[in-house]
Amino acid sequence: MEACGCGEDQIPWMLAKFGLLGTASLVLGGLAVMILAGWALGTVVWLLRRREPTGPGTAPVGAPVGAAPDEADGFAGFTWRTAD
């Protein structure tokens, strides 16, 4: 590369090729794509977790807070006391 004495050998290639506004647009566009990808992945995970049935020992959706777990749960009568 032959320089004309105005410092173009020290300008990063992207800035030299696209200019200041083009480089800023590419950087901001890449940031926007990453943000949208994060939102999309978060939405997919939220939808998948929402489809799963409640696991053992968890209250069903809409149950009042502090409701007792089902008796079918394997740990319903479990305590740490050795006297029982």
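The structure we're discussing is the one just above.
Just so it is clear, the model here is predicted, and its values are computed rather than measured.

This part takes up helix α1 (residues 13-51). In an α-helix there are 3.6 residues to a turn, and that puts residues three or four apart on one side. Its 39 residues give α1 an end-to-end C-alpha distance of only 48 Å, which falls more than 12% under 57 Å, the value for a rise of 1.5 Å per residue. Along its length, α1 reaches its greatest deviation from straightness, about 115°, at G19.

On the surface, a nonpolar cluster with roughly 610 Å² of combined accessible area is contributed by L28, L31, M34, I35 and W39. For W39, the location among the structural elements is in helix α1. Among the residues examined, W39 registers a relative accessible area of 64% and is labelled exposed.

Turning to the side chain of T23, a few remarks are in order. Tracing the sequence through the fold places T23 in helix α1. Residue classification places T23 among the buried residues on the basis of a relative accessible area of 15%. Polar side-chain contacts of T23 include one of 2.8 Å to the backbone oxygen of G19. In this view, T23 contacts M14, L15 and F18; residues no more than four positions away in its chain are not counted.

Conventions adopted
- Residues numbered from 1 in each chain as written.
- Predicted model: local features only at pLDDT ≥ 70, side-chain atom pairs only at ≥ 80, totals over all residues.
- Heavy atoms only, no water.
- Helix = DSSP H or I, 4+ residues; strand = E, 2+ residues; numbered from the N terminus.
- Expected span 1.5 Å × (residues − 1).
- Bend = angle between axes of the 7 residues up to and from the residue.
- Patch = residues over 30% accessible without salt bridge, like charges linked within 9 Å, V, L, I, M, F, W, Y side chains within 5 Å.
- Areas by Shrake-Rupley, 256 points an atom, 1.4 Å probe, with all protein chains shown as cover.
- Salt bridge = Lys/Arg side-chain N within 4 Å of Asp/Glu carboxyl O.
- Buried < 20%, exposed > 50% of the residue type's maximum accessible area, 1.4 Å probe, protein only.
- Polar contact = N/O pair within 3.5 Å; in protein donor to acceptor, adjacent residues only side chain to side chain.
- Contact = heavy atoms within 4.5 Å.

Honestly, it's all geometry; don't read function into it.
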